[in-house]
Structure formats: C-alpha cells, structure tokens
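One-letter residues, chain by chain:
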Amino acid sequence: MAQKLAKSRKKAPEGEAQPMTEVDLFISTQRIKVLNADTQETMMDHPLRTISYIADIGNIVVLMARRRVTRSNSQENMEASHPSQDGKRQYKMICHVFESEDAQLIAQSIGQAFSVAYQEFLRANGINPEDLSQKEYSDLLNTQDMYNDDLIHFSKSENCKDVYIEKQKGEILGVVIVESGWGSILPTVIIANMMHGGPAEKSGRLNIGDQIMSINGTSLVGLPLSTCQSIIKGLKNQARVKLNIVRCPPVTTVLIRRPDLRYQLGFSVQNGIICSLMRGGIAERGGVRVGHRIIEINGQSVVATPHEKIVHVLSNAVGEIHMKTMPAAMYRLLTAQEQPVYI
C-alpha cells in the first residue's frame, strides 16, 4: 500500500468555515482508505472498483465514490442516491476533497492502482498483459484528441448565449434540472423538462438539453445538483432571471476509438447506466459521462436490451464505437417513469 499525507475537508454548518483534518491516505489495488492521522480511526474505506472519478486541481484532490444504499438507510441518504431500474434507490455518490502539496502525485498513484488492478484482472482471466503493448496504449492516451465534438461545440460562440426570462415575483422558473455527468467538459446542470405555460417555456428561449453555465452571474460549473436547485429556488422573488447557457442537444453523441480488444474501454455499465469512468481513458475522451443511460450502440437501440447483452456488445466492439447517451434522470422523465418536480 502506498501512503500519502493529506488534509480532508469535513462538513460544517452553513456559513461556518470548514475544519481541516490531517489524514493518512492509503492506496492499493484493492481499495482506498483514509485514517485520521492522530487517532488512526478509519474515516473512509472504498473498494477501488467503486471509485468513479478522480481529479487533481492545484493542491486539491477530488475523489468520487459510489456507495450502495440499503432500505434501512435514512431518507437523507436516499435523496442523494441514484435509482435502480425498478425505481428503488440503489446507490449514492460521495465526494471527498483533500488538500495536499502532492495532489498530482496522489491522483497519479490512484491511476496507477487502477492500471495494476486491471493487469491483475487480465491475468485472472487468462490474458497476458504483456500482449498489450504498453507503448501503443500510452501513445493512445497521451494524444490530446477529444474524439467527440464537445470541445468544438463549447468553443463556438454561437452556441453560448445569455438568456433573459421574465416572470412574476413569487413565480417559479418552471424547469427540471439534472446533472450533465462527470466526464463532460464542463460538469454542470442540464434542462431536462419545462413546465407547460411556465416562464421558462413561455420565453421560447430555452430547450431541453441546454446546459446552464451560470444564473444571475453565479457559476453553476462543478456544483452539486442540490446546490444548483437551491440557487434556482432562491430566485423565486426575482422578476427577471439571466441564464448563461450552452445550446446542447438532449442526446450526447459518443465516439470511442478502440484499435482492438486489447485496449480497455475505461468505463463500467450497470443496467444500461454508466456508473464509473477512468480518467484520461479513451471513453472519457470520447464523451462518455457517469450517470448517463446508453440509448444506442453503433446505430442499434439498446433501450430494452438486457444488461448482459450490453456488456457483451461493448466488450467485443472494436474500431470506432458510436454511442448515444442521455442523463439517466432525463430518460426517466421522458419515459414517464418519474414525475417532474419543477423549480
């Protein structure tokens, strides 16, 4: 196990400074574990396979993990969780933030743990990892190409707009927002539904799929869904609301370039929903996003396809793999599996 020293942020009451706790961070090919540096009490213990996202930003390390939610869990936990196919809450996403001068090294160490774990998985399945040329794979990942057109789309000024919505004081905006998903170039929220006859729909200036960058000058990029919802609810008494949006289609087009079966795709699927993503891998570069439901693979609909068949199709796909995805929460709204709650 590799050991790194870091500081972890703890939750604090709103308006108060967040205390920092000195911690020991252990990384292995099995799990990531955090101990209180003083008491050696376990503060966090996640199997490596449940880690969905890792990023280093300056001296900050952001780590997101999935945790199963049992029926005995509190309603507070249920609200932050992701539903399963039958509508029951199945797991929630937990975000950990650490501060360390070795932030980049820590993120790289976790990435190396994933790489070693993958090699162990190959060996366990009778595949010699040496059959995959490390240089080939490194060359592929070291390219700066984004395979889908997200970067081009976001860089075009005509796709970025300021939209003003007029409404009555006390009136809600009349939208449902969902997460764009980790893996998107700018993780923020997407308009998933609009209330018939509400201010947002009546304006004629917003579309389902539009990604909201900021609202009344407050950036929503990187904020949790619940925070974005609170910001919008807080505008109820405003008569005019300014949104900065990027015009996006509701369906995300994904392009994964996989030369042959020796290259790992770098994401996992459960019941058609993408639940984890390898940072810097060919899937992330192709536009795959955590929390999205796969709608189509290589022109074939997989909406009613069993989980095992989706895994089989993806495992055996080579060359250019084209997929269409959309946020799972948006899909449930569009298919009337959930009723919209407008804000």
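Residues numbered from 1 in each chain as written. Predicted model: local features only at pLDDT ≥ 70, side-chain atom pairs only at ≥ 80, totals over all residues. Heavy atoms only, no water.

Enquirer: Break down the overall build of the chain for me, citing the residues and quoting the values.
Expert: From N to C terminus, the chain includes 9 helices and 20 strands. For the chain, buried positions account for 45% of its 343 residues. Looking at the chain as shown, the accessible area adds up to about 18,000 Å², and 49% of this sits on carbon and sulfur atoms. (Helix = DSSP H or I, 4+ residues; strand = E, 2+ residues; numbered from the N terminus. Buried < 20%, exposed > 50% of the residue type's maximum accessible area, 1.4 Å probe, protein only. Areas by Shrake-Rupley, 256 points an atom, 1.4 Å probe, with all protein chains shown as cover.)

Enquirer: Could you give me a rundown of the pairing of strand 16 (residues 267–270), with the residues and numbers involved?
Expert: What you see with strand 16 is a clean split: Phe 267 and Val 269 sit on the buried side and Ser 268 and Gln 270 on the side with no burial. Linking two consecutive strands that pair antiparallel, namely strand 16 and strand 17 (residues 273–277), is a turn of 2 residues; a positive phi of about 50 degrees is found at Asn 271 within it. (Pairing = 2+ DSSP bridges.)

Enquirer: So what about unusual backbone geometry? Which residues, and what values?
Expert: Notably, Gln 40 is not glycine yet its phi reads approximately 60 degrees, a positive angle. In this fold, Gln 40 is placed in the loop between strand 3 (31–36) and strand 4 (42–47). The phi dihedral of Asn 271 is positive, around 50 degrees, even though this residue is not glycine. In this fold, Asn 271 is placed in the loop between strand 16 and strand 17.

Enquirer: Lay out the nonpolar core with the relevant residues and their values.
Expert: Core analysis: the biggest nonpolar cluster contains 20 residues, and Leu 173, Val 175, Ile 177, Leu 206, Ile 212, Ile 215 and Leu 243 have the highest contact counts within it. When residues of this core are traced back to their parent elements, those giving at least two are strand 9 (160–166), strand 10 (175–179), strand 11 (189–194), strand 12 (211–215), helix 6 (225–233) and strand 14 (240–246). Every residue in contact with Leu 206, bar those within four places of it in the chain, is listed here: Val 163, Ile 165, Ile 191, Met 194, Ala 200, Ile 245 and Arg 247. (Core = buried A, V, L, I, M, F, W, Y, C linked by side-chain atoms within 4.5 Å. Contact = heavy atoms within 4.5 Å.)

Enquirer: Requested: an account of the pairing of strand 20 (residues 319–327), with residues and values cited.
Expert: In this sheet, strand 20 lies alongside strand 15 (residues 252–258) in antiparallel orientation, the contact comprising 7 bridges. Following the sheet pairing, Leu 255 is matched in strand 20 by His 322.

Enquirer: Pulling in residues and values, what's your account of the pattern of salt bridges?
Expert: For the coordinates displayed, the defined rule picks out 6 salt bridges. Between Asp 162 and Lys 242 there is a salt bridge, with its nearest N and O atoms 3.9 Å apart. Remark: Lys 242 occurs in strand 14 and Asp 162 occurs in strand 9; sequence separation between them is 80 residues. Two residues, Asp 210 and Arg 247, come together in a salt bridge whose shortest N-O distance is 2.5 Å. Taken together, the positions of Asp 210 in the loop between helix 5 (199–203) and strand 12 and Arg 247 in the loop between strand 14 and strand 15 put the pair 37 residues apart, joining distant regions of the chain. Classification of Arg 247 as partly exposed rests on a relative accessible area of 22%. (Salt bridge = Lys/Arg side-chain N within 4 Å of Asp/Glu carboxyl O.)

Enquirer: If you had to explain the environment of Val 61 to someone new, which residues and values would you point to?
Expert: Topologically, Val 61 is positioned in strand 6 (residues 60–68). Val 61 sits in the buried class, given a relative accessible area of 1%. Linking Val 61 and Glu 101, residues 40 residues apart in sequence, is a C-alpha distance of 9.9 Å. Among residues more than four places away in sequence, those in contact with Val 61 are Ala 55, Asp 56, His 96, Val 97, Phe 98, Ala 103 and Ile 106.

Enquirer: Requested: an account of the side chain of Ser 214, with residues and values cited.
Expert: In this structure, Ser 214 sits in strand 12. Taking the relative accessible area as the measure of exposure, Ser 214 reaches 17% and is therefore buried. Those residues in contact with Ser 214 that sit more than four places away from it in its chain are Ser 219, Leu 220, Lys 242, Leu 243 and Asn 244.

Enquirer: Can you lay out the confidence of the model for the chain for me, pointing to particular residues and giving the numbers?
Expert: Chain-level pLDDT for the chain is 79 on average; 78% of the residues reach the 70-or-more range. Low pLDDT (under 50) marks residues 1–17, which in the prediction has 52 contacts with non-local residues, meaning those over four places away or in another chain. For the stretch residues 73–89, pLDDT sits under 50, and the model shows 29 contacts to residues farther than four places along the chain or on other chains. (pLDDT = per-residue confidence, 0-100.)

Enquirer: Got a sec to walk through the side chain of Ser 28? Specific residues and values, please.
Expert: Note on placement: Ser 28 falls in the loop between strand 2 (20–27) and strand 3. Using a relative accessible area of 14% as the deciding quantity, one classes Ser 28 as buried. At a separation of 3.0 Å, a polar atom in the side chain of Ser 28 contacts the main-chain amide nitrogen of Gln 30. (Polar contact = N/O pair within 3.5 Å; in protein donor to acceptor, adjacent residues only side chain to side chain.)

Enquirer: Before we move on, could you go through the environment of Ala 304 and cite the residues and values that matter?
Expert: Tracing the sequence through the fold places Ala 304 in the loop between strand 19 (300–301) and helix 8 (307–315). What makes Ala 304 exposed here is its relative accessible area of 78%. Along the backbone, Ala 304 and Gly 272 are 32 residues apart, and their C-alpha atoms lie at a distance of 9.2 Å.

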